[in-house]
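Report on the structure
If you want the building blocks of each chain, they are given just below.
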Amino acid sequence: MFCAQQQLKNLLKKCEAKGVKVNQIKCVTEFLKEHDDYCKPKKRIYFKVILIISLLIYAVAYYYGHLRTEHCSLIMPQAMRYAFRPPENCEFCKQVKHMERVRDISVEEFTERYAYSGRPVIVEDATKNWTALEKFNYWYFRDIYNAAKNKEKVVDCQFLPYNTGFRHLYEALDMPAERVEFYKAKERGESPKPWYFGWSNCNGETAEEFREHYGRPYFLPELSESSPIDWFFMGTEGLGAQMHVDNVRLPSWQAQLAGSKRWLLAPPPECYFHCSSFEALVEKGDIIVLDTNRWYHQTFVQPGAISLTIGAEYD
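Residues numbered from 1 in each chain as written. Predicted model: local features only at pLDDT ≥ 70, side-chain atom pairs only at ≥ 80, totals over all residues. Heavy atoms only, no water.

An unreviewed UniProt entry lists the chain under the name Cupin-like domain-containing protein, with Glossina austeni as the source organism.

What to know about the overall build of the chain
Within the chain, the secondary structure is distributed over twelve helices and twelve strands. Taken across its 315 residues, the chain has 40% of its residues classed as buried. Taking the contacts inside the chain whose residues are at least 6 apart along the sequence as the reference set, 79% of them involve residues at least 24 apart. Counting only carbon and sulfur atoms, one obtains 55% of the accessible surface of the chain, whose full area is about 18900 Å². (Helix = DSSP H or I, 4+ residues; strand = E, 2+ residues; numbered from the N terminus. Buried < 20%, exposed > 50% of the residue type's maximum accessible area, 1.4 Å probe, protein only. Contact = heavy atoms within 4.5 Å. Areas by Shrake-Rupley, 256 points an atom, 1.4 Å probe, with all protein chains shown as cover.)

Digging into the sheet that holds strand β6 (residues 238-239)
Sheet strands associate in pairs through backbone hydrogen bonding, adopting either a parallel or an antiparallel arrangement. Here four strands make up an open sheet; going across it, the order is β6-β11-β8-β9 and the pairing antiparallel. For this open sheet the edge positions go to β6 and β9 (278-282), each flanked by a neighbour on one side alone. With five bridges connecting them, strand β8 (residues 261-266) and β9 associate as antiparallel partners. Residue R262 lies in a different strand from β9, and its bridge partner there is L281. (Pairing = 2+ DSSP bridges.)

Here's the deal with the sheet that holds strand β1 (residues 100-102)
Taken together, eight strands build an open sheet; the order of strands is β1-β2-β10-β7-β12-β5-β4-β3 and the sheet is mixed. Either end of the sheet is taken by a strand with one partner, and the two such strands are β1 and β3 (159-160). Examined bridge by bridge, strand β4 (residues 196-201) and strand β5 (residues 230-235) share six bridges and lie antiparallel to one another. Across the sheet, the residue bridging to N201 is D230, located in β5. Along the sheet, helix α5 (residues 107-115) contacts β1, β2 (121-123) and β10 (287-290); its crossing angle with β1, the most-contacted strand, is approximately 170°. Taken strand by strand, helix α7 (residues 138-146) contacts β4, β5 and β12 (307-313), and its axis lies near 45° from that of β4. (Axes fitted to C-alpha atoms, helices over the stretch in contact; angles between N-to-C directions.)

Regarding a nonpolar patch on the surface
Taken together, the side chains of I45, Y46, V49, I50, I53 and I57 define a hydrophobic patch exposed on the protein surface, amounting to about 620 Å² of accessible area. Following the sequence through the fold, I45 ends up in helix α3 (residues 43-65). (Patch = residues over 30% accessible without salt bridge, like charges linked within 9 Å, V, L, I, M, F, W, Y side chains within 5 Å. Salt bridge = Lys/Arg side-chain N within 4 Å of Asp/Glu carboxyl O.)

A closer look at the packing of aromatic side chains
Within this structure, the stated rule accounts for 31 aromatic pairs. An angle of 85° between the planes, with centres 6.3 Å apart, marks the rings of F166 and F197 as edge-to-face. With F166 in the loop between β3 and α9 (169-172) and F197 in strand β4, the pair connects residues that are 31 residues apart, well separated along the chain. Positioned above the aromatic ring of F300, the side-chain terminus of R262 is 4.6 Å from the ring centre. (Phe/Tyr/Trp six-rings, centres within 6.5 Å; stacked < 30°, edge-to-face > 60°. Lys NZ or Arg CZ within 6 Å of the ring centre and 35° of its normal.)

Concerning the state of the cysteines
Taken as a whole, this structure holds three disulfides when the rule is applied. Residue C90 pairs covalently with C271 via a disulfide, S to S 2.1 Å. Judged by the torsion about the S-S bond (-90°), the C90/C271 disulfide is left-handed. Within this pair, whereas C90 is found in the loop between α4 (78-83) and β1, its partner C271 is found in the loop between β8 and β9, the two being separated by 181 residues in sequence. Taken individually, C90 and C271 each receive the classification buried, so the pair is uniform in this respect. (Disulfide = S-S within 2.5 Å.)

Examining unusual backbone geometry
Phi is positive for D104, close to 50°, though the residue is something other than glycine. Inspection of the secondary structure puts D104 in the loop between β1 and α5. Here the phi dihedral of Y162 falls at roughly 50°; this positive angle occurs in a residue that is not glycine. Mapped onto the fold, Y162 is located in the loop between β3 and α9.

Notes on the side chain of N203
Examined against the element boundaries, N203 turns out to sit in the loop between β4 and α12 (204-210). Contact partners of N203, with chain neighbours within four places excluded, come to A148, N150, K153, V154 and C157.

What to know about the nonpolar core
As a rule of thumb, soluble globular proteins bury nonpolar side chains together. If you look at the biggest cluster of nonpolar residues, it comprises 47 residues, and the most contacted ones within it are F110, F136, F141, F197 and W253. Apart from the residues lying within four places of it in its own chain, the contact partners of F110 are I105, A115, V121, F219, L220, P221, V289 and Y314. Within the second largest apolar cluster, 16 residues are counted, among which are A280, V282, L290 and W295. (Core = buried A, V, L, I, M, F, W, Y, C linked by side-chain atoms within 4.5 Å.)

Digging into α5
By the burial criterion, the buried members of α5 are V107, F110, Y114 and A115. Seen end-on, α5 carries its buried residues on one side only, within an arc spanning 75°. Away from the buried face of α5 by more than 90 degrees, exposed residues E108 and E112 are located. Looking at the buried residues of α5, the elements they touch are β1, β2 and β10. (Arc of directions from axis to C-beta.)

Some details on the pattern of salt bridges
Overall, the coordinates contain 15 salt bridges when judged by the stated rule. K284 serves as the salt-bridge partner of E134, at 3.8 Å between the closest nitrogen and oxygen. Placement of E134 in helix α6 (residues 132-135) and of K284 in the loop between β9 and β10 is noted, with a sequence separation of 150 residues between them. In this structure E134 comes out as exposed when scored by relative accessible area, which is 64%. On the accessibility criterion, K284 (44% relative accessible area) is partly exposed. The closest approach of N and O atoms between D230 and R211, which form a salt bridge, is 3.0 Å.

Quick look at the structure:
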């Protein structure tokens, strides 16, 4: 019978109340000592089991829902990353007052003046033979990625949701047509929700397809090599990337394949009193060359057309 010894205890207490000295009954005290654990509350055990199971379920859900799409389990806050950055030598920006624009620039001139000096420049004629300007758009990327064989590899590539709330690229490429066609919806008097996101193309399968439509910019130094991973940024009017500096080793080029984007450049804090801030408009067909590890930069997509940018680092 369950917890019979508890009932016995209650009975013995009544005996004690009537003056019966039960402690002198040796067999009773021995029985109570040997079976004392049986009547301890079971609720604590049940609670611990439920708590452990709940924690395990949460850990599994967190891993599959979040960690698998991140490169790091713990990410240092942006303010701390900036605080511990080594200071820059302000010589790289002292003579830069505005964004220069060039055409038909030779490899030698680009190498000497822009390639590694930290001086930003816009090259206006470097994409004229690229089919990407007409081929690439939201629907093209959706079709290519939906047809990819290794979708797990695609999800593992770095993804930047900005303010959209998308968890990975496949969520971003699953928007309803009304939201994708942002400007057509506005013309109909609707109020579509803007969107902007970026991703790295670390999947070899899709990279091979994309690179059939663009190539190495003609002005890059002959011995330089571009990063094997390209970056794409796409979205509607409004704030693109907020003011930030990248944690990368190399300068990069970014080609504007559709729409236009306004760039705001600022020197690092230690150079505020030595260098100038300025802005520039990058239009369809332009390539901006910038050391994003030195210059703080912010982008704004201009109204009228969906912006699409592709870029890569070079050494």
